[in-house]
2 protein chains.
Amino acid sequence: MSEYIEHDAGGVSVGVVEKKSFTFAHPPDEMVLESGERLGPVTLAYETYGRLNAARDNAVLICHALSGDSHAAGYYHREDPRPGWWDIMIGPGKGIDTDRYFVICSNIIGSCLGSTGPGSFNPRTGRPYALDFPVITVGDMVAAQRALVDHLGIERLLAVIGGSVGGMQVLEWSVRYPQRVFAAVPLASTCRHSALAIAFNEVSRQAIMADPKWNGGRYEPESRPDLGLAVARMIGHITYLSDEAMRRKFGRRLQNRRDFSFNFDADFQVESYLRHQGHKFVERFDANAFLYITKAADYFDLGLQHGGGSLSQAFTRARARYLVVSFTSDWLYPTYQSREMVKAMKKAGRDVSFCEIEAQWGHDAFLLPNERLTHLLEGFLKSCHDDVC
Amino acid sequence: MSEYIEHDAGGVSVGVVEKKSFTFAHPPDEMVLESGERLGPVTLAYETYGRLNAARDNAVLICHALSGDSHAAGYYHREDPRPGWWDIMIGPGKGIDTDRYFVICSNIIGSCLGSTGPGSFNPRTGRPYALDFPVITVGDMVAAQRALVDHLGIERLLAVIGGSVGGMQVLEWSVRYPQRVFAAVPLASTCRHSALAIAFNEVSRQAIMADPKWNGGRYEPESRPDLGLAVARMIGHITYLSDEAMRRKFGRRLQNRRDFSFNFDADFQVESYLRHQGHKFVERFDANAFLYITKAADYFDLGLQHGGGSLSQAFTRARARYLVVSFTSDWLYPTYQSREMVKAMKKAGRDVSFCEIEAQWGHDAFLLPNERLTHLLEGFLKSCHDDVC
């Protein structure tokens, strides 16, 4: 990693970073997935920031959400206009301080941003997997991350941190590999999707599958189901904001004119915003990857998968200390779901801190600058670091 | 109307009813719409239940929601398995008692269930309007209903009652034609859509317009944009239920099997429910009508259109007494929006009763059996009837 340090809006950045990748599970030693299917070889795109100390005990793993990638911080080159997706939190002197911690972030399997997913080359057929890609789970994502952590020679992670679907990975890590995780921080997350969250994902998937260009998942780069994927993304953006957030951000303000168009153009700013988000998304994301990752999120049920239906039973397997954070206006994974999680952790005898942060911006709040969140993470990590290192 | 009386789950029904229609605004005397466009001739499908009294002052107009029709009560024939959509409320001895009141319900213009809409024949071109149909407003819907009320020889309606988009029509009636409305009952409604409600409608419209079979609105009966319309309806159904309603109705229960399918079939009951609702809807509804009605709902802004931006100013035009009802779990038009409405009515000196009903079923609650709602409507109408008749 370059030593070039750049200043951005969030303060000092980790500077120029490089994309790395790690390939494992070469046949015949493929990963055995939760479905029973086999997958290999598997490539993980990842990045690291800061330095692993001699004791190899200062590593923090960041788990990204649905559409995230391994580029969590820094810039790819000096003219790069946009830093990684959580650059406000990760860097020298920031909430997750790269002067202290060795930070790792990898793209989840099933995605399309460098790691193996439905758009990858299927060695058995010589063409992209498409729907021949096996349905993967959050457990499978985490199992792949563990292979990377092994590869980096890290016995125990100081902390695993992530929001939303990234928070599910955090919870899974803590229960699946209890000896490998000292601390776990699920943000704006849940131990299982509500019917409402499943409903939103299902309608999004239906929007993709309704696009004739989806073609049973077998599409060419020049003819992708962009319209369906854009609608799916628009649905997602509704769930990332809240009623109040939308009211503050858009209200009923009109787009570019004072009067109604009396046609089906975007009259309101909120319409224009959603169309923009939808169209922007199709440039960088793959429709099949969206299907696989949302399905994994819907399947995730920590209590069912690790506690025979009991969430507290699942947490008896864990050893990590937890910091659980929810946001008041998050209606995708509302605070009551974090409270259930915390209750089960306590019942299982875990050391857990819980904080509900007052925030207007709905589910998206965990990605936005928030002094309270920064201080919470900073303090929590420091106390873990003091206890371990 | 036949005197045949049928018993159903909701008690005695009005029995066998007949579809009627009324056509007006023949060129050159077309309706002049709020957009400035002209529309004619205009046909309204309607039904009536009970008898208009000699003084012609016992008429109650029912306004239906987005996908409703004029068939609010009774059966079309003796073997008809399903009564009208509000048969639980309308009938002899019911909340809206057809032994006392003459009840009218007409299909809104812009719809596809008997009244003039985008699927109707355009006399100027000799083919269906499609997107040549002018964008209509809630005010236009109400202006058309007024022509029907004139036609029936009714000077003043005892009450106008409706839920959701029907409630918008109720509010519009009371402000647009103050002398023609004695009482007005908006249920689970709003004086204007929030950004969130607009967002849901916009994504639904985008789902329809993304379907290549939509073809700019110009589709043939044998090749309709069913997939897009089904996705739009699924989005709608998410907004009609609440987080809690979905949890109670479906939770994470699986469909037809104990284990995950590990494919993209419907694993969860909630997925299967949404798919079913989507597919059922395309059999009876038209995609263009969906576009027009949702746009009218998004445009509706009582304070802007009748009060120069002030809701209380708009209500100073009204003379009606109001009964406003909201439901605790309605997150499409939450109670706070009804409270704003009530506050503005009071500020304008109107006589208003307000009731928030405890209900689990979200926005849909106004359509479901609810003893509290039945008693409220019964008592309110009786007191109006006593004061007028």
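Check the entry above for the structure.
Model, not experiment: these values are computed from the prediction.

A. Examining the environment of Arg180(A) more closely. Within the fold, Arg180(A) resides in the loop between helix 2 (165-176) and strand 14 (181-187). For the pair Arg180(A) and Leu368(A), spaced 188 residues apart in sequence, the C-alpha separation works out to 29 Å.

B. Expanded view of helix 11 (residues 371-388) of chain B. Residue and element names in this part refer to chain B. Taking 1.5 Å as the rise per residue, helix 11 with 18 residues should run 26 Å; its terminal C-alpha atoms sit 26 Å apart, in good agreement. Every buried residue of helix 11 is listed here: Leu373, Leu377, Phe380, Leu381 and Cys384. In a view along the axis of helix 11, the buried residues occupy a sector of 95°, so they form one face of it. Seen from the open side of helix 11, the exposed residues pointing more than 90 degrees away from its buried face are Glu371, Arg372, His375, Lys382 and Asp386. Tucked inside the fold, the buried residues of helix 11 contact strand 9 (96-97), strand 13 (157-163), strand 14 (181-187), strand 15 (321-327) and strand 16 (352-357).

C. Main features of the sheet that holds strand 13 of chain B. Residue and element names in this part refer to chain B. One open sheet holds the eight strands; their spatial order is 3-6-10-7-13-14-15-16, and the pairing between them is mixed. With partners counted over all chains shown, the strands left at the sheet margins are strand 3 (20-24) and strand 16, one partner each. The sheet shows a mean angle of 20° between the axes of neighbouring strands, direction not considered. Of the pairings in the sheet, the one linking strand 13 to strand 14 comprises six bridges and is parallel in character. Counted as the bridge partner of alanine 159 is alanine 183 from strand 14. On top of the sheet, helix 2 (residues 165-176) reaches strand 7 (59-63), strand 13 and strand 14; it is set at about 155° to strand 14, its chief contact.

D. Summary view of the packing of helix 3 (residues 195-210) of chain B against helix 7 (residues 287-299) of chain B. All names here are of chain B. Two numbers describe how helix 3 lies on helix 7: the axes approach to 10 Å, and their chain directions differ by 160°. Taken together, the axis directions place helix 3 and helix 7 in an arrangement best described as roughly antiparallel. The way helix 3 lies across helix 7 gives a crossing that is left-handed. In this structure, helix 3 contributes Ile198, Asn201, Ser204, Arg205 and Ile208 to the contact, and helix 7 contributes Ala287, Phe290, Leu291, Thr294, Ala297 and Asp298. Taken together, the residues of the contact of helix 3 with helix 7 sort by class into six nonpolar, three polar and two charged.

E. Summary view of the nonpolar core. Of all hydrophobic cores here, the largest spans 267 residues; its most connected members are Ala159(A), Val60(B) and Ala159(B). Ignoring any residue separated from it by four or fewer positions in sequence, one finds Val60(B) in contact with Ile96(B), Tyr101(B), Phe102(B), Val103(B), Leu157(B), Leu158(B), Ala159(B) and Ile161(B).

F. Representation of the pairing of strand 6 (residues 42-49) of chain B within the structure. Residue and element names in this part refer to chain B. Among the eight residues that make up strand 6, seven are buried, leaving the element largely enclosed by the rest of the structure. With four bridges connecting them, strand 6 and strand 10 (residues 102-106) associate as antiparallel partners. Its bridge partner being in strand 10, glutamate 47 is matched across the sheet by cysteine 105.

G. Region of the structure containing the relation of the copies chain A and chain B. Under the fitted operation, chain A is carried onto chain B by 0.0 Å of movement along the axis and a turn of 180°, and the coordinates agree to an RMSD of 0.1 Å. Look at the turn and shift together and you get a two-fold axis relating the two. Both copies share a contact surface, since 98% of the interface residues of chain A are interface residues in chain B too.

H. Focus on the sheet that holds strand 16 (residues 352-357) of chain A. Residue and element names in this part refer to chain A. One open sheet holds the eight strands; their spatial order is 3-6-10-7-13-14-15-16, and the pairing between them is mixed. A strand with exactly one partner marks an edge of an open sheet, and here the two such strands are strand 3 (20-24) and strand 16. For this sheet, the mean inter-axis angle between neighbouring strands, taken without regard to orientation, is 20°. Pairing of strand 7 (residues 59-63) with strand 10 (residues 102-106) involves four bridges; the strand directions are parallel. Residue valine 60 lies in a different strand from strand 10, and its bridge partner there is valine 103.

I. Molecular detail of the interface of chain A and chain B. If you look at the interface, chain A gives 42 residues, while chain B gives 41 residues. Elements that contribute at least two residues to the side of chain A that touches chain B include exactly helix 3 (195-210), helix 4 (226-240), helix 5 (243-249), helix 6 (269-284) and helix 7 (287-299) of chain A. No other element matches helix 3 of chain A, which puts eleven residues into the side of chain A that touches chain B.

J. Looking closely at helix 10 (residues 335-347) of chain A. Residue and element names in this part refer to chain A. Taking 1.5 Å as the rise per residue, helix 10 with 13 residues should run 18 Å; its terminal C-alpha atoms sit 18 Å apart, in good agreement. Residues Gln337, Ser338, Met341, Ala344 and Met345 constitute the buried set of helix 10. Projected down its long axis, helix 10 carries its buried residues within an arc of 125°, all on one side. Of the surrounding secondary structure, the elements contacted by the buried residues of helix 10 are helix 9 (311-315), strand 15 (321-327) and strand 16. Positive backbone phi, approximately 85°, marks glycine 349, located one or two places after helix 10.

K. Seen up close, the environment of Phe260(B). For Phe260(B), the location among the structural elements is in the loop between helix 5 (243-249) and helix 6 (269-284). The partly exposed category is assigned to Phe260(B), around which 18 C-beta atoms lie within 10 Å. Sequence separation of Phe260(B) and Gly110(B) is 150 residues, and the distance between their C-alpha atoms is 43 Å. Beyond its immediate chain neighbours, meaning those up to four positions away, Phe260(B) contacts Tyr299(A) and Asp267(B).

L. Seen up close, unusual backbone geometry. Between Gly40(A) and the following residue, Pro41(A), the backbone shows a cis peptide bond with an omega angle of -5°. Considering the arrangement of structural elements, one finds Pro41(A) in the loop between strand 5 (38-39) and strand 6 (42-49). Its identity as a non-glycine residue notwithstanding, Asn215(A) has a phi of 55°, on the positive side. Residue placement: Asn215(A) occurs in the loop between helix 3 and helix 4. Given 14 C-beta atoms within 10 Å, Asn215(A) falls into the partly exposed group. Here the phi dihedral of Ser164(B) falls at roughly 60°; this positive angle occurs in a residue that is not glycine. Tracing the sequence through the fold places Ser164(B) in the loop between strand 13 and helix 2.

M. Inspection of the packing of helix 1 (residues 138-151) of chain B against helix 2 of chain B at higher detail. Residues and elements named next belong to chain B. The contact between helix 1 and helix 2 brings their axes to 9 Å, and the two run at 70°. It follows from the interaxial angle that helix 1 and helix 2 lie roughly perpendicular. When you trace helix 1 past helix 2, the crossing you get is right-handed. The residues of helix 2 that touch helix 1, namely those facing Val138, Gly139, Met141 and Val142, are Met168, Gln169, Glu172, Trp173 and Arg176.

Rules used in this analysis
- Residues numbered from 1 in each chain as written.
- Chains lettered and ligands numbered in written order.
- Predicted model: local features only at pLDDT ≥ 70, side-chain atom pairs only at ≥ 80, totals over all residues.
- Helix = DSSP H or I, 4+ residues; strand = E, 2+ residues; numbered from the N terminus.
- Expected span 1.5 Å × (residues − 1).
- Buried ≥ 20, exposed ≤ 12 C-beta atoms within 10 Å, placed from the backbone.
- Arc of directions from axis to C-beta.
- Contact = placed C-beta atoms within 7 Å.
- Pairing = 2+ DSSP bridges.
- Axes fitted to C-alpha atoms, helices over the stretch in contact; angles between N-to-C directions.
- Parallel < 35°, antiparallel > 145°, perpendicular 65-115°, else oblique.
- Left-handed = near helix turned anticlockwise from the far one by under 90°.
- Nonpolar A, V, L, I, M, F, W, Y, C, P; charged D, E, K, R; others polar.
- Core = buried A, V, L, I, M, F, W, Y, C linked by C-beta atoms within 7 Å.
- Least-squares fit on C-alpha atoms with pLDDT ≥ 70 in both.

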